[in-house]
Amino acid sequence: QSARGRTRCRKMNRIYLLFLLLTVLTGHAMGQDPGRLAPALFEEAQKFQLGLDRPVDIQKAYDLYMQVTQLDPEHRDAFYNLAGLCFQHKRYDLAGKYYRKVIQLDPQDGDAYNNAGTVFEKQGNLKQAHRLYRKAIQVDSTVAVAHYNLARMLFRDGEREAALATFHAQFKDDAVVIDKWLS
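Undergrad: Would you mind going over the overall build of the protein with me for this structure?
TA: Scanning the protein from N- to C-terminus turns up 10 helices and 0 strands. Within the protein, counting contacts between residues at least 6 apart in sequence, those at least 24 apart form 41% of the total. For the protein, the exposed surface amounts to about 11000 Å²; the carbon and sulfur share of it is 54%.

Shown next, in the form of structure tokens:
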């Protein structure tokens, strides 16, 4: 794509985002529920995040997810995706903030506890990571990666029997997985 084409594409994207913003503001001013626009904005954010029908643009995705959360402060999936974007870009402080919001909105989301644990582990806060992996298993014992993460931490800390018990609790019927993990 030529430089002229890229410049034109950027201008069109700016016009589109301005149009969305004006639509939101106009709907709000006319007494319409701006929360009804949240699903459309969320879909647009996903398209920018994943590169569906357009080039990937993480900043636009982030900005649109933020608009969604302003229109609908309980839009769990928007906070989830914000956390994931921040984690991918090593903004662990923000990823942790958004995972905490997901947990606040849905205290039974084991994946959110596990993901928050991973954030704390990346930040070096192993005690908090350990606690969150356990909480993930407590609220949803089917989150296999939480069992794996907890077992991995226990194994690293020299607690081999506890690690094996944690791992076996999830993978008791899969001897191949257990053998690979032990080797």
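Undergrad: What exactly am I supposed to notice about the confidence of the model for the protein here?
TA: A low pLDDT means the predicted coordinates there should not be read in detail. For the protein, the average pLDDT comes to 84, and 74% of its residues sit at 70 or higher. Across the protein, helix H5 (residues 92-105) holds the top mean pLDDT of 98, while helix H1 (residues 3-29) sits lowest at 53. For residues 26-31, every residue scores under 50 in pLDDT, and the model assigns this stretch 2 contacts once sequence neighbours within four places are set aside.

Undergrad: I would appreciate a short explanation of helix H3 (residues 58-71) in the present structure.
TA: Helical periodicity: at 3.6 residues per turn, an α-helix aligns residues three or four positions apart in one direction. Across its 14 residues, H3 extends 20 Å between first and last C-alpha, which sits within 8% of the 20 Å expected from 1.5 Å per residue. Of all the residues in H3, the buried ones are Lys 60, Ala 61, Leu 64, Tyr 65, Val 68, Thr 69 and Leu 71. At the N-terminal boundary of H3, the capping side chain belongs to Asp 57, with an oxygen 3.3 Å from the backbone nitrogen of Gln 59.

Rules of the game
Residues numbered from 1 in each chain as written. Predicted model: local features only at pLDDT ≥ 70, side-chain atom pairs only at ≥ 80, totals over all residues. Heavy atoms only, no water. Helix = DSSP H or I, 4+ residues; strand = E, 2+ residues; numbered from the N terminus. Contact = heavy atoms within 4.5 Å. Areas by Shrake-Rupley, 256 points an atom, 1.4 Å probe, with all protein chains shown as cover. pLDDT = per-residue confidence, 0-100. Expected span 1.5 Å × (residues − 1). Buried < 20%, exposed > 50% of the residue type's maximum accessible area, 1.4 Å probe, protein only. Polar contact = N/O pair within 3.5 Å; in protein donor to acceptor, adjacent residues only side chain to side chain.

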